[in-house]
Amino acid sequence: MKRSFLTLTLLSAAMQSAFAQDPVAYLDPVVVTATRTEKALSDLAPSVSATQRDELDAHLINDFRDLSSAEPGVNISKNPRYGLSSVNIRGLDSNRVLMLVDGIRVPDVFVSGPYQNSGRDQVDFAQLASVEIVRGPASTLYGSDALGGVVGMRTTEPADLLQGGKKVGGQIKTDYDSADDSYGATGSVAFAVGENTLGLVQVAGRRGHEQENIGTDDTQKYGRTTALPQDTEKLSALAKLQHYIDGGHKIGLTAETYRSEVDTLMYSEVGAPMLSSVKSSRAVDEQERNRLSLDYSYTAPTAGGLIDAAQAKIYRQTMDTTQNSYQVRQQGAVVTPNWSRVSTYQQDTVGASGQLEKRIAGAVSQHWTVGAEWFQTDLENLRDGTPASS
(Lines give C-alpha, C1' and ligand atoms only; values in the text may rest on other atoms or scores of the structure.)
Protein backbone atom coordinates (compact mmCIF):
# COMPACT_ATOMS: atom_id res chain seq x y z
CA MET A 1 0.00 0.00 0.00
CA LYS A 2 1.38 3.43 -0.91
CA ARG A 3 0.30 6.86 0.29
CA SER A 4 1.54 10.26 -0.81
CA PHE A 5 0.81 13.63 0.77
CA LEU A 6 1.55 17.22 -0.15
CA THR A 7 0.69 20.10 2.14
CA LEU A 8 1.18 23.85 1.60
CA THR A 9 1.16 26.34 4.44
CA LEU A 10 0.90 30.14 4.32
CA LEU A 11 0.62 32.11 7.53
CA SER A 12 1.30 35.44 9.14
CA ALA A 13 2.63 35.71 12.67
CA ALA A 14 3.81 38.41 15.01
CA MET A 15 7.41 38.92 15.98
CA GLN A 16 8.73 37.17 19.09
CA SER A 17 9.83 38.88 22.26
CA ALA A 18 12.19 37.93 25.06
CA PHE A 19 11.71 38.05 28.79
CA ALA A 20 14.41 39.05 31.24
CA GLN A 21 14.46 39.48 34.97
CA ASP A 22 17.19 40.95 37.12
CA PRO A 23 19.45 40.03 38.71
CA VAL A 24 19.27 36.62 36.96
CA ALA A 25 18.01 36.35 33.36
CA TYR A 26 15.46 33.60 32.71
CA LEU A 27 14.99 32.82 29.04
CA ASP A 28 11.45 32.12 27.93
CA PRO A 29 11.31 28.71 26.16
CA VAL A 30 11.22 29.00 22.38
CA VAL A 31 8.49 26.89 20.75
CA VAL A 32 8.46 25.89 17.08
CA THR A 33 5.63 23.35 16.89
CA ALA A 34 2.74 25.77 17.50
CA THR A 35 3.38 28.04 14.48
CA ARG A 36 6.20 26.26 12.57
CA THR A 37 8.36 29.29 13.45
CA GLU A 38 10.28 30.23 16.58
CA LYS A 39 8.00 31.90 19.12
CA ALA A 40 8.45 32.61 22.81
CA LEU A 41 6.15 30.44 24.91
CA SER A 42 4.71 33.51 26.64
CA ASP A 43 3.51 34.83 23.26
CA LEU A 44 1.42 31.73 22.59
CA ALA A 45 -1.98 30.58 23.81
CA PRO A 46 -2.21 28.72 27.15
CA SER A 47 -3.10 25.56 25.22
CA VAL A 48 0.57 25.33 24.17
CA SER A 49 3.15 23.97 26.61
CA ALA A 50 6.85 23.16 26.48
CA THR A 51 8.87 20.88 28.74
CA GLN A 52 12.64 21.34 28.62
CA ARG A 53 15.36 18.78 29.38
CA ASP A 54 15.97 20.06 32.90
CA GLU A 55 12.27 19.66 33.67
CA LEU A 56 12.21 16.13 32.22
CA ASP A 57 15.09 15.22 34.54
CA ALA A 58 13.68 17.03 37.59
CA HIS A 59 10.32 15.25 37.33
CA LEU A 60 11.80 11.88 36.28
CA ILE A 61 9.85 11.88 33.01
CA ASN A 62 11.12 8.81 31.15
CA ASP A 63 8.19 8.03 28.85
CA PHE A 64 4.78 9.22 27.69
CA ARG A 65 3.12 7.80 30.79
CA ASP A 66 5.21 10.09 32.98
CA LEU A 67 4.67 13.03 30.65
CA SER A 68 0.88 12.71 30.76
CA SER A 69 0.89 13.04 34.56
CA ALA A 70 2.52 16.46 34.21
CA GLU A 71 0.48 17.76 31.25
CA PRO A 72 -3.19 18.75 31.77
CA GLY A 73 -5.53 17.56 29.04
CA VAL A 74 -3.09 14.91 27.83
CA ASN A 75 -3.78 11.22 28.47
CA ILE A 76 -2.18 7.98 27.36
CA SER A 77 -4.01 5.07 25.76
CA LYS A 78 -2.10 2.06 27.11
CA ASN A 79 -2.49 -1.67 26.55
CA PRO A 80 -1.22 -4.17 29.19
CA ARG A 81 0.67 -6.07 26.50
CA TYR A 82 1.51 -3.55 23.79
CA GLY A 83 2.21 -0.51 25.96
CA LEU A 84 1.52 2.96 24.60
CA SER A 85 -1.10 2.85 21.85
CA SER A 86 -1.47 6.60 21.34
CA VAL A 87 -1.55 10.02 22.95
CA ASN A 88 -5.02 11.40 23.74
CA ILE A 89 -5.50 15.17 23.66
CA ARG A 90 -8.91 16.45 24.72
CA GLY A 91 -10.64 13.23 23.71
CA LEU A 92 -8.95 12.67 20.34
CA ASP A 93 -6.19 10.11 19.95
CA SER A 94 -4.63 7.57 17.56
CA ASN A 95 -3.74 9.06 14.16
CA ARG A 96 -5.68 12.24 14.88
CA VAL A 97 -2.87 13.48 17.15
CA LEU A 98 0.28 14.23 15.18
CA MET A 99 3.61 13.27 16.75
CA LEU A 100 6.89 14.70 15.45
CA VAL A 101 10.57 14.06 16.17
CA ASP A 102 12.74 16.90 14.85
CA GLY A 103 9.85 17.86 12.57
CA ILE A 104 9.49 14.34 11.12
CA ARG A 105 6.24 12.46 11.63
CA VAL A 106 6.31 9.44 13.95
CA PRO A 107 4.85 6.33 12.20
CA ASP A 108 1.10 5.80 12.42
CA VAL A 109 -0.87 3.66 14.83
CA PHE A 110 -1.93 0.36 13.24
CA VAL A 111 -4.33 -2.19 14.79
CA SER A 112 -5.44 -5.43 13.11
CA GLY A 113 -7.38 -7.96 15.16
CA PRO A 114 -6.57 -9.28 18.64
CA TYR A 115 -2.88 -10.08 18.04
CA GLN A 116 -1.54 -6.92 16.41
CA ASN A 117 -1.30 -3.41 17.80
CA SER A 118 1.53 -1.23 16.53
CA GLY A 119 1.42 1.84 18.74
CA ARG A 120 3.54 4.94 19.09
CA ASP A 121 5.92 3.96 21.86
CA GLN A 122 8.77 4.59 19.42
CA VAL A 123 10.67 7.42 21.07
CA ASP A 124 13.36 7.24 23.76
CA PHE A 125 12.90 10.19 26.10
CA ALA A 126 16.58 9.95 27.04
CA GLN A 127 17.38 11.41 23.60
CA LEU A 128 15.06 14.42 23.91
CA ALA A 129 15.95 18.04 24.62
CA SER A 130 12.33 19.25 24.80
CA VAL A 131 8.70 18.23 24.29
CA GLU A 132 6.15 20.72 22.95
CA ILE A 133 2.40 20.08 23.04
CA VAL A 134 -0.28 21.91 21.08
CA ARG A 135 -3.77 21.14 22.38
CA GLY A 136 -6.53 21.46 19.83
CA PRO A 137 -6.70 21.49 16.03
CA ALA A 138 -3.54 22.37 14.10
CA SER A 139 -4.69 21.03 10.73
CA THR A 140 -4.11 24.34 8.93
CA LEU A 141 -0.38 23.85 9.58
CA TYR A 142 0.01 20.07 9.51
CA GLY A 143 -2.99 18.53 7.75
CA SER A 144 -5.71 16.22 9.09
CA ASP A 145 -3.26 14.20 11.21
CA ALA A 146 -3.23 17.14 13.65
CA LEU A 147 -6.98 17.33 14.20
CA GLY A 148 -6.60 16.69 17.94
CA GLY A 149 -3.26 18.42 18.44
CA VAL A 150 0.48 18.00 18.04
CA VAL A 151 3.24 16.54 20.18
CA GLY A 152 6.54 17.93 18.90
CA MET A 153 9.78 16.43 20.24
CA ARG A 154 13.27 17.80 19.68
CA THR A 155 16.36 15.63 20.12
CA THR A 156 19.60 16.75 21.75
CA GLU A 157 21.82 19.14 19.78
CA PRO A 158 25.63 19.29 19.98
CA ALA A 159 25.33 22.89 21.20
CA ASP A 160 23.33 21.67 24.22
CA LEU A 161 26.52 20.10 25.57
CA LEU A 162 29.07 22.53 24.11
CA GLN A 163 28.48 25.67 26.12
CA GLY A 164 30.98 28.32 27.09
CA GLY A 165 33.21 27.70 24.08
CA LYS A 166 33.99 24.07 24.93
CA LYS A 167 35.58 21.84 22.31
CA VAL A 168 34.42 18.61 23.95
CA GLY A 169 31.47 17.99 26.25
CA GLY A 170 30.00 14.85 27.71
CA GLN A 171 27.32 13.59 30.04
CA ILE A 172 26.46 10.31 31.74
CA LYS A 173 23.10 9.84 33.48
CA THR A 174 21.51 6.93 35.30
CA ASP A 175 18.14 6.57 36.99
CA TYR A 176 15.80 4.08 38.62
CA ASP A 177 11.99 3.98 38.58
CA SER A 178 10.26 1.94 41.28
CA ALA A 179 6.90 1.98 39.42
CA ASP A 180 8.14 -0.66 36.99
CA ASP A 181 11.43 -1.60 38.68
CA SER A 182 13.32 -0.17 35.69
CA TYR A 183 16.76 1.34 35.42
CA GLY A 184 18.27 3.33 32.59
CA ALA A 185 21.55 4.89 31.51
CA THR A 186 22.46 7.52 28.93
CA GLY A 187 25.88 8.52 27.61
CA SER A 188 26.48 11.57 25.42
CA VAL A 189 29.57 13.09 23.81
CA ALA A 190 29.62 16.30 21.79
CA PHE A 191 32.64 17.73 20.01
CA ALA A 192 33.77 20.61 17.85
CA VAL A 193 36.06 20.20 14.83
CA GLY A 194 37.64 23.51 13.97
CA GLU A 195 35.48 26.58 14.23
CA ASN A 196 32.47 25.53 12.15
CA THR A 197 31.76 21.82 12.62
CA LEU A 198 29.94 20.21 15.57
CA GLY A 199 29.12 16.57 16.27
CA LEU A 200 27.15 14.49 18.77
CA VAL A 201 26.96 10.81 19.65
CA GLN A 202 24.41 9.65 22.22
CA VAL A 203 23.43 6.14 23.32
CA ALA A 204 20.80 5.08 25.86
CA GLY A 205 19.27 1.91 27.25
CA ARG A 206 16.61 0.90 29.71
CA ARG A 207 15.45 -2.38 31.27
CA GLY A 208 12.44 -2.95 33.45
CA HIS A 209 9.35 -4.97 34.23
CA GLU A 210 5.59 -4.56 34.42
CA GLN A 211 4.14 -1.41 35.95
CA GLU A 212 2.60 -2.15 39.31
CA ASN A 213 -1.12 -1.48 39.83
CA ILE A 214 -3.57 -1.70 42.73
CA GLY A 215 -4.90 -5.16 41.81
CA THR A 216 -4.92 -7.88 44.48
CA ASP A 217 -5.71 -11.10 42.58
CA ASP A 218 -2.51 -12.56 41.15
CA THR A 219 -4.01 -15.82 39.88
CA GLN A 220 -2.32 -17.17 36.76
CA LYS A 221 -5.49 -17.26 34.68
CA TYR A 222 -8.45 -15.17 33.53
CA GLY A 223 -9.63 -12.88 36.33
CA ARG A 224 -6.16 -11.74 37.35
CA THR A 225 -6.16 -8.11 38.48
CA THR A 226 -2.48 -7.60 39.24
CA ALA A 227 -0.13 -6.61 36.43
CA LEU A 228 0.90 -9.28 33.95
CA PRO A 229 4.54 -10.40 34.41
CA GLN A 230 6.62 -8.53 31.87
CA ASP A 231 10.26 -7.88 30.92
CA THR A 232 11.07 -4.79 28.88
CA GLU A 233 14.18 -3.55 27.13
CA LYS A 234 14.80 -0.38 25.13
CA LEU A 235 17.93 0.68 23.25
CA SER A 236 18.52 3.85 21.25
CA ALA A 237 21.31 5.78 19.55
CA LEU A 238 21.55 9.25 18.07
CA ALA A 239 24.33 10.79 15.95
CA LYS A 240 24.52 14.32 14.52
CA LEU A 241 27.03 16.19 12.41
CA GLN A 242 26.53 19.90 11.71
CA HIS A 243 28.57 22.33 9.65
CA TYR A 244 28.18 26.11 9.73
CA ILE A 245 28.98 28.17 6.64
CA ASP A 246 29.69 31.90 6.66
CA GLY A 247 26.66 34.00 5.89
CA GLY A 248 24.20 32.25 8.24
CA HIS A 249 24.02 28.81 6.58
CA LYS A 250 24.01 25.45 8.39
CA ILE A 251 23.93 21.89 7.03
CA GLY A 252 23.15 18.95 9.32
CA LEU A 253 23.06 15.17 9.06
CA THR A 254 21.18 13.10 11.65
CA ALA A 255 20.96 9.34 12.18
CA GLU A 256 18.66 7.88 14.82
CA THR A 257 17.68 4.36 15.84
CA TYR A 258 15.32 3.02 18.49
CA ARG A 259 14.54 -0.60 19.39
CA SER A 260 12.28 -2.12 22.03
CA GLU A 261 11.43 -5.66 23.11
CA VAL A 262 8.66 -6.69 25.51
CA ASP A 263 8.16 -10.25 26.83
CA THR A 264 4.79 -10.81 28.56
CA LEU A 265 3.14 -13.80 30.24
CA MET A 266 -0.50 -13.46 29.16
CA TYR A 267 -2.21 -15.03 32.19
CA SER A 268 -5.38 -13.05 31.41
CA GLU A 269 -5.97 -15.22 28.31
CA VAL A 270 -5.83 -18.55 30.15
CA GLY A 271 -9.37 -19.83 30.55
CA ALA A 272 -10.98 -16.63 29.26
CA PRO A 273 -14.64 -17.07 28.15
CA MET A 274 -13.82 -16.62 24.45
CA LEU A 275 -10.50 -18.45 24.75
CA SER A 276 -11.44 -21.44 26.90
CA SER A 277 -9.04 -23.73 25.02
CA VAL A 278 -5.97 -21.65 25.99
CA LYS A 279 -3.87 -23.35 28.66
CA SER A 280 -0.82 -21.07 28.53
CA SER A 281 0.02 -17.90 26.63
CA ARG A 282 3.14 -15.80 26.10
CA ALA A 283 3.79 -12.73 23.93
CA VAL A 284 7.07 -11.40 22.55
CA ASP A 285 6.79 -8.02 20.83
CA GLU A 286 9.60 -6.17 19.03
CA GLN A 287 9.64 -2.74 17.44
CA GLU A 288 12.39 -0.83 15.64
CA ARG A 289 12.46 2.66 14.14
CA ASN A 290 15.33 4.10 12.09
CA ARG A 291 15.71 7.59 10.66
CA LEU A 292 18.25 9.35 8.45
CA SER A 293 17.77 13.01 7.63
CA LEU A 294 19.65 15.83 5.94
CA ASP A 295 18.64 19.37 6.83
CA TYR A 296 19.61 22.89 5.86
CA SER A 297 18.86 26.18 7.60
CA TYR A 298 19.63 29.80 6.90
CA THR A 299 19.40 32.88 9.10
CA ALA A 300 20.10 36.21 7.46
CA PRO A 301 23.07 37.93 9.15
CA THR A 302 21.47 41.33 8.63
CA ALA A 303 17.92 42.57 8.09
CA GLY A 304 16.65 43.90 4.78
CA GLY A 305 17.47 40.95 2.56
CA LEU A 306 15.12 39.09 0.27
CA ILE A 307 14.42 36.51 2.99
CA ASP A 308 15.23 36.43 6.69
CA ALA A 309 15.27 32.68 7.28
CA ALA A 310 14.92 29.41 5.40
CA GLN A 311 14.75 25.71 6.23
CA ALA A 312 14.79 22.52 4.17
CA LYS A 313 14.83 18.85 5.09
CA ILE A 314 14.88 15.49 3.32
CA TYR A 315 14.57 12.21 5.19
CA ARG A 316 13.84 8.51 5.20
CA GLN A 317 12.29 6.71 8.15
CA THR A 318 11.51 3.02 8.60
CA MET A 319 9.53 1.26 11.30
CA ASP A 320 9.31 -2.53 11.75
CA THR A 321 7.01 -4.22 14.24
CA THR A 322 6.94 -7.96 14.95
CA GLN A 323 4.42 -9.29 17.46
CA ASN A 324 4.53 -12.98 18.41
CA SER A 325 1.86 -14.88 20.34
CA TYR A 326 2.65 -18.41 21.59
CA GLN A 327 -0.03 -20.57 23.18
CA VAL A 328 -0.79 -24.10 24.26
CA ARG A 329 -4.41 -24.98 23.42
CA GLN A 330 -6.59 -27.96 24.22
CA GLN A 331 -9.92 -28.99 22.72
CA GLY A 332 -11.19 -32.08 24.54
CA ALA A 333 -8.38 -34.62 24.41
CA VAL A 334 -6.57 -32.89 21.54
CA VAL A 335 -3.64 -30.74 22.67
CA THR A 336 -2.00 -28.19 20.34
CA PRO A 337 1.34 -27.29 21.95
CA ASN A 338 2.61 -25.05 19.15
CA TRP A 339 -0.27 -22.66 18.41
CA SER A 340 1.20 -19.31 17.35
CA ARG A 341 0.48 -16.05 15.59
CA VAL A 342 3.24 -13.90 14.09
CA SER A 343 2.13 -10.44 12.96
CA THR A 344 4.48 -8.05 11.17
CA TYR A 345 3.96 -4.45 10.11
CA GLN A 346 6.44 -2.26 8.22
CA GLN A 347 6.14 1.42 7.43
CA ASP A 348 8.73 3.05 5.14
CA THR A 349 8.49 6.83 4.69
CA VAL A 350 10.47 9.25 2.55
CA GLY A 351 9.76 12.95 2.67
CA ALA A 352 10.91 16.50 2.11
CA SER A 353 9.91 19.89 3.49
CA GLY A 354 10.91 23.50 3.03
CA GLN A 355 10.06 26.87 4.50
CA LEU A 356 10.87 30.57 3.94
CA GLU A 357 10.40 33.50 6.33
CA LYS A 358 10.30 37.22 5.82
CA ARG A 359 9.79 40.00 8.37
CA ILE A 360 8.47 43.39 7.32
CA ALA A 361 8.83 46.33 9.69
CA GLY A 362 6.45 49.27 9.76
CA ALA A 363 3.46 50.67 11.59
CA VAL A 364 2.13 47.10 11.61
CA SER A 365 4.99 44.62 11.81
CA GLN A 366 4.56 41.45 9.79
CA HIS A 367 6.15 38.01 9.81
CA TRP A 368 5.35 36.01 6.67
CA THR A 369 6.04 32.31 6.34
CA VAL A 370 5.48 30.04 3.35
CA GLY A 371 6.26 26.34 3.40
CA ALA A 372 5.54 23.01 1.76
CA GLU A 373 5.82 19.39 2.86
CA TRP A 374 5.66 16.15 0.87
CA PHE A 375 5.96 12.58 2.09
CA GLN A 376 5.21 9.12 0.77
CA THR A 377 4.63 6.00 2.87
CA ASP A 378 4.83 2.34 1.87
CA LEU A 379 2.99 -0.09 4.18
CA GLU A 380 3.32 -3.86 4.50
CA ASN A 381 1.34 -6.12 6.82
CA LEU A 382 1.56 -9.90 7.20
CA ARG A 383 0.07 -12.44 9.60
CA ASP A 384 1.24 -16.03 9.83
CA GLY A 385 0.96 -18.83 12.37
CA THR A 386 0.96 -22.48 13.30
CA PRO A 387 -0.43 -25.04 12.89
CA ALA A 388 -1.28 -24.40 9.23
CA SER A 389 -4.84 -25.65 9.79
CA SER A 390 -5.51 -22.84 12.29
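Use the structure listed above.
The notes below deal with the structure included here. (Residues numbered from 1 in each chain as written. Predicted model: local features only at pLDDT ≥ 70, side-chain atom pairs only at ≥ 80, totals over all residues. Heavy atoms only, no water.)

**Examining the overall build of the protein chain**
Phase 1 of the analysis: Along its length, the protein chain carries four helices and 21 strands.
Phase 2 of the analysis: Whereas a compact globule of 390 residues would reach a radius of gyration of roughly 21 Å, the protein chain reaches 23 Å, a difference of no more than 12%.
Phase 3 of the analysis: If one aligns the C-alpha atoms of the protein chain with their principal axes, the spans along those axes are about 85 × 45 × 40 Å.
Phase 4 of the analysis: Relative to all contacts within the protein chain whose residues are 6 or more apart in sequence, the contacts with residues 24 or more apart total 64%.
Phase 5 of the analysis: Taken as a whole, the protein chain presents about 19,500 Å² of accessible surface, with 57% of it coming from carbon and sulfur.
Phase 6 of the analysis: Here the protein chain carries 36 positive and 47 negative side-chain charges, and the mean point of each set is 4 Å from the other. (Helix = DSSP H or I, 4+ residues; strand = E, 2+ residues; numbered from the N terminus. Rg over C-alpha atoms; globule rule 2.2 N^0.38 Å. Contact = heavy atoms within 4.5 Å. Areas by Shrake-Rupley, 256 points an atom, 1.4 Å probe, with all protein chains shown as cover. Lys, Arg positive; Asp, Glu negative; His and termini not counted. Charge placed at Lys NZ, Arg CZ, Asp CG, Glu CD.)

**Details of a nonpolar patch on the surface**
Phase 1 of the analysis: A surface patch of nonpolar side chains, about 580 Å² in accessible area, is lined by L241, I245, I251, L253, L292, L294 and I314.
Phase 2 of the analysis: Relative to the elements of secondary structure, L294 occurs in strand β18 (residues 278–299). (Patch = residues over 30% accessible without salt bridge, like charges linked within 9 Å, V, L, I, M, F, W, Y side chains within 5 Å. Salt bridge = Lys/Arg side-chain N within 4 Å of Asp/Glu carboxyl O.)

**Things to note about the nonpolar core**
Phase 1 of the analysis: By size, the foremost hydrophobic cluster in this structure holds 19 residues, and its most contacted members are F64, V131, V151 and M153.
Phase 2 of the analysis: Elements that contribute at least two residues to this core include exactly α2 (64–70), β6 (83–89), β7 (97–101), β11 (128–135) and β12 (149–155).
Phase 3 of the analysis: When near neighbours in sequence (up to four residues on either side) are disregarded, V151 contacts V87, I89, V97, L98, M99, L100, V131, E132 and I133.
Phase 4 of the analysis: Counting residues in each nonpolar core, the second largest holds 13 residues, with A50, V134, Y142 and V150 among its members. (Core = buried A, V, L, I, M, F, W, Y, C linked by side-chain atoms within 4.5 Å. Buried < 20%, exposed > 50% of the residue type's maximum accessible area, 1.4 Å probe, protein only.)

**Examining the environment of T155**
Phase 1 of the analysis: Tracing the chain through its elements places T155 in strand β12.
Phase 2 of the analysis: Here T155 falls in the buried class, since its relative accessible area comes to 1%.
Phase 3 of the analysis: Apart from the residues within four sequence positions on either side, T155 is in contact with V101, D102, Q127, L128, A129, L238, K240 and R291.
Phase 4 of the analysis: At a separation of 2.6 Å, a polar atom in the side chain of T155 contacts the side chain of D102. (Polar contact = N/O pair within 3.5 Å; in protein donor to acceptor, adjacent residues only side chain to side chain.)

**What about the pairing of strand β4 (residues 48–52)?**
Phase 1 of the analysis: For β4, the buried fraction is high: four of the five residues fall into the buried class.
Phase 2 of the analysis: In the sheet, β4 pairs with β11 via five bridges, with the strands oriented antiparallel. Of the residues in β11, the one forming a bridge with V48 is V134. (Pairing = 2+ DSSP bridges.)

**Some words on the pattern of salt bridges**
Phase 1 of the analysis: Scanning the entire structure with this criterion turns up 25 salt bridges.
Phase 2 of the analysis: Notably, a salt bridge pairs D57 with K173, separated by 3.4 Å at the nearest N-O pair. Taken as a pair, D57 in helix α1 (residues 53–58) and K173 in strand β13 (residues 168–177) lie far apart in primary sequence, 116 residues in all.
Phase 3 of the analysis: For D121, the salt bridge goes to K234, with nearest N and O atoms at 3.6 Å. Taken together, the positions of D121 in the loop between β10 (117–118) and β11 and K234 in strand β16 (residues 230–245) put the pair 113 residues apart, joining distant regions of the chain.
Phase 4 of the analysis: Look at D121 and you get buried, because its relative accessible area is 18%.
Phase 5 of the analysis: In this structure, a network of salt bridges that share partners links the residues D102, E157, K240, E256, R289 and R291.

**Considering the sheet that holds strand β8 (residues 104–105)**
Phase 1 of the analysis: Taken together, five strands build an open sheet; the order of strands is β4-β11-β12-β7-β8 and the sheet is mixed. Because the sheet does not close on itself, it has two edges, and the strands there are β4 and β8.
Phase 2 of the analysis: Examined bridge by bridge, β7 and β8 share two bridges and lie antiparallel to one another. From the neighbouring strand, L100 faces β8, where its bridge partner is R105.

**Thoughts on the packing of aromatic side chains**
Phase 1 of the analysis: This model, assessed by the stated rule, comprises three aromatic pairs.
Phase 2 of the analysis: Seen from their ring centres, Y115 and W339 are 5.6 Å apart, and the 55° between their planes marks the pair as tilted. Remark: W339 occurs in strand β20 (residues 334–360) and Y115 occurs in the loop between β9 (110–111) and β10; sequence separation between them is 224 residues.
Phase 3 of the analysis: Y115 sits in the buried class, given a relative accessible area of 9%. (Phe/Tyr/Trp six-rings, centres within 6.5 Å; stacked < 30°, edge-to-face > 60°.)

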